[in-house]
Amino acid sequence: MDIKHIQLKSCGDERGSLIALEEKSNIPFEIKRVYYMFKTGEDVRRGFHAHKTLKQVAIAVRGSCKFLLDDGTEQITVTLDHPAQGLLIESFMWREMFDFSPDCVLMVLADQLYDEADYVRNYDQFIAQVQSGE
Ligand code: TYD
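Since we're looking at a predicted model, the values are computed, not measured. (Residues numbered from 1 in each chain as written. Predicted model: local features only at pLDDT ≥ 70, side-chain atom pairs only at ≥ 80, totals over all residues. Heavy atoms only, no water.)

Q: So what's going on with the site of the ligand? Residues and values would help.
A: The environment of the ligand is made up of R33, Y35, R46, G47, H49, M97, Y114, Y119 and R121. Between an oxygen atom of the ligand and a main-chain N or O atom of G47, the distance comes to 3.0 Å. When isolated, the ligand has an accessible area of 530 Å², and the protein chains bury 59% of it. Looking at the shell around the ligand, the elements that each hand over two or more residues are β2 (33-38) and β3 (46-51). The element best represented in the shell around the ligand is β3, accounting for 3 residues. Taken together, the residues of the shell around the ligand sort by class into 4 nonpolar, 2 polar and 3 charged. (Near = heavy atom within 4 Å. Polar contact = N/O pair within 3.5 Å; in protein donor to acceptor, adjacent residues only side chain to side chain. Areas by Shrake-Rupley, 256 points an atom, 1.4 Å probe, with all protein chains shown as cover. Helix = DSSP H or I, 4+ residues; strand = E, 2+ residues; numbered from the N terminus. Nonpolar A, V, L, I, M, F, W, Y, C, P; charged D, E, K, R; others polar.)

What follows is the structure, given as structure tokens:
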């Protein structure tokens, strides 16, 4: 599976660090929505869905968490633990997020507004749709 990591350039000086996110530049799409998860319980596992068309970039701006990514044939686990590390999640990728550190702030940039109709929340349906090439 081709996992696209985005190494974000950090502008650091004696005052600290700064990272800028720009659409169609270091973020490879128009940014329509930003959301973030925080105070996630230690034993919580969330996600459990794929998107039909949505693309996203996830960044653990603080703390760490893990992503299980599944394209229907292969599964891979990715750890996000640095604010300069972006993870591109293409459409039709099943994802589960887990192992959130207590301080984790997981920020997600998306190329579309929230639309429940774009979700595939049933794993068997996801596999069936991948296999049928829908
Ligand atoms: P949910 O889809 O359950 O999160 P995840 O799949 O990451 O575990 O979303 C939790 C709630 O937040 C749900 O009521 C829908 C709402 N929500 C929005 O209103 N806008 C958004 O952009 C997102 C991602 C979720």
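Q: Go over the pairing of strand β7 (residues 85-89) with me, naming the residues and quoting the values.
A: For β7, the tally of buried residues reaches 5 of 5 residues, placing the bulk of the element in the interior. Burial along β7 is two-sided: the face carrying Q85, L87 and I89 and the face carrying G86 and L88 are both buried. Inspection of the sheet shows strand β1 (residues 4-7) paired to β7 by 4 bridges, in the antiparallel sense. Across the sheet, residue H5 finds its bridge partner in β7, namely L87. Two elements, strand β4 (residues 56-62) and β7, share 4 bridges in a ladder whose sense is antiparallel. Looking at the pairing, Q56 lines up with I89 of β7. (Buried < 20%, exposed > 50% of the residue type's maximum accessible area, 1.4 Å probe, protein only. Pairing = 2+ DSSP bridges.)

Q: Tell me about the pattern of salt bridges, and name the residues and values.
A: Evaluated as defined, the whole model comprises 5 salt bridges. Between D99 and K66 there is a salt bridge; the shortest N-O distance is 3.0 Å. Placement of the pair is D99 in the loop between β8 (94-98) and β9 (105-110) and K66 in strand β5 (residues 65-70), with a sequence separation of 33 residues. The shortest N-O distance in the salt bridge between E116 and R121 comes to 2.8 Å. For E116, a relative accessible area of 39% corresponds to the partly exposed category. (Salt bridge = Lys/Arg side-chain N within 4 Å of Asp/Glu carboxyl O.)

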